[in-house]
Amino acid sequence: MRILLIEDDVALGEGIRVALKSEGYTVDWLQDGVSAVHALSHESFAIAILDLGLPRLDGLEVLKRLRATDNPIPVLVLTARDATSDRIAGLDAGADDYLVKPFDAAELKARLRALLRRSFNRPQPVLEYREVCLDPVNQQVSYQGQPVVLQRKEFLLLHQLLAQPGRVLTRDKLQQTLYGWDEEAESNALEVHIHHLRKKLFPELIRTVRGIGYLVDKL
Ligand code: CA
């Protein structure tokens, strides 16, 4: 589970990162609003933890830009003061929940669990593409009506590709689906997973765009 943490207070950011890593989350940590907007538009995260007082671009502005692109990622806002106006502005701009600093690590974890539960319970459509059927909720895949057993990472890749037919997904983006920034991906791991997907499903399903990435063609 990959979490984007945007917090410019180094001690607090480090504390949150350590606390969440110990729960098994992959945490990518940024310290300013401009980098946050960039990461949120180019990469996939299960959830974002967003401080409102940030250098370069205010957290509220980050949130507005995020929601302007219809990105549905759950966002937990951190506010420095118990100012009602901040909380209201955050919720109005599309935050899903907020925490007022200082807060307890246990409370942060509980809020995250609740947000993740809610986002998983959102209806997620079954994706169908040329006799391949992917059910995101039950994490099942079939081809020509027969169940196909995929590894976790193969499933994540296929989900990304089938969700956006006709769009080339860069190697970087796909790799980040599989690993956080900190974790070194084996250099050919992506190719190996794609190779297995083609073998388990059918070879023409995933097209290589040389030097860029992969796509499934728009039907
Ligand atoms: Ca701050």
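Refer to the preceding data block for the structure.
Cut-offs and rules
Residues numbered from 1 in each chain as written. Predicted model: local features only at pLDDT ≥ 70, side-chain atom pairs only at ≥ 80, totals over all residues. Heavy atoms only, no water. Helix = DSSP H or I, 4+ residues; strand = E, 2+ residues; numbered from the N terminus. Polar contact = N/O pair within 3.5 Å; in protein donor to acceptor, adjacent residues only side chain to side chain. Contact = heavy atoms within 4.5 Å. Core = buried A, V, L, I, M, F, W, Y, C linked by side-chain atoms within 4.5 Å. Buried < 20%, exposed > 50% of the residue type's maximum accessible area, 1.4 Å probe, protein only. Arc of directions from axis to C-beta. Donors = N, O, S within 2.8 Å, 3.2 Å for Na, K, Ca; no water.

1. Some thoughts on the side chain of K101
Right, on to step 1. Considering the arrangement of structural elements, one finds K101 in the loop between β5 (97-100) and α5 (105-121).
Right, on to step 2. A distance of 3.1 Å separates a polar atom in the side chain of K101 from a polar atom in the side chain of D51.
Right, on to step 3. Among residues more than four places away in sequence, those in contact with K101 are E7, L12, D51, L78, T79 and A80.

2. A closer look at the nonpolar core
Right, on to step 1. In terms of nonpolar packing, the biggest core is built from 27 residues, with V132, V141, L158, L162, L201, L205 and I206 touching the most fellow members.
Right, on to step 2. Taken together, the elements giving at least two residues each to this core come down to β6 (127-129), β7 (132-135), β8 (140-143), α6 (152-163), α7 (171-178) and α8 (189-200).
Right, on to step 3. Sorting elements by how many residues they give to this core places α6 first, with five residues.
Right, on to step 4. Apart from the residues within four sequence positions on either side, I206 is in contact with L161, I194, L197, R198, Y214, L215 and V216.
Right, on to step 5. The next biggest cluster of nonpolar side chains, apart from the first, holds 21 residues, and it includes A36, A39, I73 and A95.

3. Quick look at helix α4 (residues 84-92)
Right, on to step 1. Among all positions in α4, only D86, R87 and G90 are buried. Considered in projection along α4, the buried side chains sweep an arc of 95° and stay on one side of the axis. The exposed set on the far side of α4, more than 90 degrees from its buried face, consists of S85 and D92.
Right, on to step 2. In this structure, the buried side of α4 is in contact with α3 (59-68), β4 (75-79) and β5.
Right, on to step 3. The first or second residue beyond α4 is G94, which carries a positive phi of 115°.

4. As for the coordination of the calcium ion
Right, on to step 1. Donor atoms from the polypeptide that bind the calcium ion are D8 (OD), D51 (OD) and G53 (O), placed at 2.2 to 2.3 Å.
Right, on to step 2. Each donor residue of the calcium ion lies on the same chain, and together they follow the pattern D-x42-D-x1-G. With a gap of 45 residues between them, D8 in the loop between β1 (2-6) and α1 (10-21) and G53 in the loop between β3 (47-51) and α3 connect regions that are remote in the sequence.
Right, on to step 3. For D8, a relative accessible area of 31% translates into the label partly exposed.
Right, on to step 4. When its relative accessible area of 45% is taken as the criterion, G53 is described as partly exposed.

5. Details of unusual backbone geometry
Right, on to step 1. Each neighbour pair has its own omega, and for K101 with P102 the value is -5°, a cis peptide bond.
Right, on to step 2. Inspection of the secondary structure assignment puts P102 in the loop between β5 and α5.
Right, on to step 3. One non-glycine residue with positive phi stands out, namely E131, at about 70°.
Right, on to step 4. Note on placement: E131 falls in the loop between β6 and β7.
Right, on to step 5. A relative accessible area of 53% places E131 in the exposed class.
Right, on to step 6. The backbone phi angle of Q144 is positive, close to 50°, even though this residue is not glycine.
Right, on to step 7. Note on placement: Q144 falls in the loop between β8 and β9 (146-148).

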